[in-house]
Structure formats: C-alpha cells, structure tokens
Amino acid sequence: MTTTARSDDEDAHGNEKESGYEYRDSDGYRIDTDPGRLDIGLVHHWLSTDAFWALGRTRDTVERAVQGSLNFGVYEPDGAQVAYARVVTDRATFAWLCDVYVAPAHRGRGLGVRLATAVRDHLGPYGLKRVLLATLDAHELYARVGFVPVSDPEMLMVLGPTP
C-alpha cells in the first residue's frame with residue numbers, strides 16, 4: 001500500500017488538515033481521507049439499513065458524525081465508493097475506530113483488513129495512547145492489524161441512559 005499526501009494545508013490552529021491522504025493498492029482500490037469525496041447518501045444507506053449497530057440511523061446523524069470525524073472511504077478504480085470507516089479522535093491521546101463497513105459485493109477481497117491497516121498507519125504518527133474499537137463479529141480481522149482484547153476491561157465504563 002502506498003501513501004500520497006495531496007495537500008499541505010493547515011487549519012486555523014496550524015494542524016495539518018486530514019483531506020489530503022490517499023492509500024493505493026496494486027489492484028486499483030484507493031483509500032482516501034478526503035471527506036468531500038464521500039458519498040454520504042450511500043454511507044447513510046449502508047449504515048441505516050445493513051449495519052446492525054446503526055440500523056435506523058438518520059441522515060442528519062450520519063452527516064454530523066462525518067463532520068466531527070476523520071473519515072476513510074474506499075473507492076474502486078472508477079471512483080465508486082465501496083467501503084467506509086470513521087475515527088473519532090483528538091489526534092493527541094485517543095481514537096475510536098467505528099462504522100467500518102464494506103459493501104456486500106466487495107467483501108472477501110481483504111478490503112476490511114486494508115481499511116483497518118490504513119487507519120492504523122494514518123493514526124501512527126499521532127502517538128496516541130489508546131485506539132479502541134468495538135466489534136461483535138470481526139475480532140480476527142482486527143487482530144491481523146494489531147488490535148488485541150482490552151487487558152483491563154474493568155477500567156472501561158459506558159454512560160448509560162439518564163435516570
């Protein structure tokens with residue numbers, strides 16, 4: 001997988017923008033962090049109708065999530081989007097990989113592993129202390145990229161419904 005930085009733009013705080021990185025594979029698939037390239041309608045359709053963790057998610061929620069996240073789209077050589085992942089991160093100490101989805105017609109080609117690898121490699125330079133994800137059925141896929149079970153799950157908590 002090769003990486004190409006397409007832009008040296010900085011945001012108002014002097015931080016490099018996330019809109020200029022593309023990961024290419026020899027088979028022509030490209031993984032791109034440019035949120036402007038995402039097909040939001042397609043991502044919404046995938047998540048709200050086929051992703052068990054996001055069934056019924058509204059278009060507005062998907063749009064707000066995209067705006068507040070580091071996004072990864074996977075594209076065929078003709079430019080059609082075939083997969084998606086997003087990362088919620090402060091780019092300093094923590095990241096959460098979520099909403100990883102590969103279109104059914106493109107499963108079984110290793111795109112999930114390639115996508116998770118691109119995320120891992122992209123986050124590497126930040127020196128994050130913790131990168132988390134939650135998965136019900138893809139433990140082996142993420143293990144190939146370096147994810148391991150939480151060694152101290154008793155430390156983790158989730159905010160429940162407000163009483």
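Calculation notes
For every chain, the first residue of the written sequence is number 1, and numbering continues from 1 along that sequence. Owing to the predicted nature of the model, reporting of local features is limited to residues with pLDDT of at least 70; listing and counting of side-chain atom pairs is limited to 80 or more, with chain, interface and lining totals taken over all residues. Side-chain numbers here rest on the full set of heavy atoms in the structure, without hydrogens or water. Each patch is assembled from residues with relative accessible area greater than 30% and no salt bridge, linking like charges that lie within 9 Å and nonpolar side chains (Val, Leu, Ile, Met, Phe, Trp, Tyr) that lie within 5 Å. Using a 1.4 Å probe, the Shrake-Rupley method yields the accessible areas, and only the shown protein chains count as cover for residues. By convention in these notes, a salt bridge is any Lys or Arg side-chain nitrogen within 4 Å of a carboxyl oxygen on Asp or Glu. A 1.4 Å probe rolled over the protein chains alone gives each residue an accessible area, and that area as a share of the maximum for its type sets the label: buried under 20%, exposed over 50%, partly exposed in between. Whenever a helix is involved, its axis is fitted only over the stretch in contact; in every case the axis is a line through C-alpha atoms, and angles between N-to-C directions fall within 0 to 180 degrees. Helix numbering and strand numbering both begin at the N terminus, where a helix is a DSSP run of H or I of at least 4 residues and a strand a DSSP run of E of at least 2. For a crossing to be left-handed, the near helix must be turned anticlockwise from the far one by less than a right angle; the clockwise case is right-handed. By definition, residues are in contact when any of their heavy atoms lie within 4.5 Å. Under this grouping Gly is polar, as are all residues other than the nonpolar Ala, Val, Leu, Ile, Met, Phe, Trp, Tyr, Cys and Pro and the charged Asp, Glu, Lys and Arg. Centres within 6.5 Å make a pair out of two Phe, Tyr or Trp rings, where for Trp the six-membered ring is used; the pair is then stacked when the planes are under 30 degrees apart, edge-to-face when over 60, and tilted otherwise. Cation placement over rings: the criterion is NZ of Lys or CZ of Arg within 6 Å of the ring centroid and within 35° of the ring normal. Counting of polar contacts relies on pairs of N or O atoms within 3.5 Å, with two restrictions inside protein: one atom must be capable of donating a hydrogen and the other of accepting it, and residues adjacent in sequence are counted only when both atoms are side-chain atoms.

1. Here's the deal with a nonpolar patch on the surface
Nonpolar side chains collect at one region of the surface, where Phe52, Trp53, Leu55 and Leu136 lie side by side and expose about 450 Å² of accessible area between them. For tryptophan 53, a relative accessible area of 38% gives the class partly exposed.

2. Some points on the packing of helix H1 (residues 40-50) against helix H2 (residues 59-67)
Taken N-terminus to C-terminus, the directions of H1 and H2 make an angle of 115°; their axes are 10 Å apart at the nearest point. Crossing of H1 over H2 shows right-handed handedness. Contacts from Ile40, Gly41, Val43, His44 and Leu47 in H1 reach Arg59, Val62, Glu63 and Val66 in H2. Split into classes, the residues belonging to the contact of H1 with H2 amount to five nonpolar, two polar and two charged.

3. Overview of the packing of aromatic side chains
Applying the stated rule across the entire model yields three aromatic pairs. Note on phenylalanine 52 and tryptophan 53: the rings are 5.2 Å apart at their centroids and 90° apart in plane angle, and the pair reads as edge-to-face. Between tyrosine 142 and phenylalanine 147, the ring centres sit 5.9 Å apart and the planes meet at 80°, which makes this aromatic pair edge-to-face. Tyrosine 142 sits in the buried class, given a relative accessible area of 10%. Lying across the ring of tyrosine 75, arginine 37 places its NZ or CZ 4.0 Å from the centre.

4. Considerations on H1
Of the residues making up H1, those classed as buried are Ile40, Val43, His44, Trp46, Leu47 and Ser48. Each element contacted by the buried residues of H1 is listed here: H2, strand E5 (81-89) and strand E6 (94-102).

5. A closer look at the pattern of salt bridges
Scanning the entire structure with this criterion turns up eleven salt bridges. One salt bridge connects glutamate 22 with arginine 30, and the closest N-O pair in it is separated by 3.4 Å. In this structure, aspartate 27 engages arginine 114 in a salt bridge whose closest nitrogen and oxygen atoms are separated by 2.8 Å. Residue aspartate 27 is found in the loop between strand E2 (21-24) and strand E3 (30-32), and its partner arginine 114 is found in helix H3 (residues 111-123); the two are separated by 87 residues along the sequence. Aspartate 27 gets classed as partly exposed once you look at its relative accessible area, which sits at 38%. Classification of arginine 114 by relative accessible area gives buried; the value is 15%. Salt bridges sharing common partners tie together Glu22, Arg24, Arg30, Asp32 and Arg37.

6. Section: the side chain of arginine 86
With respect to the helices, strands and loops of the structure, arginine 86 is situated in strand E5. Only 2.7 Å separates the side chain of arginine 86 from the side chain of aspartate 99, close enough to count as a polar contact.

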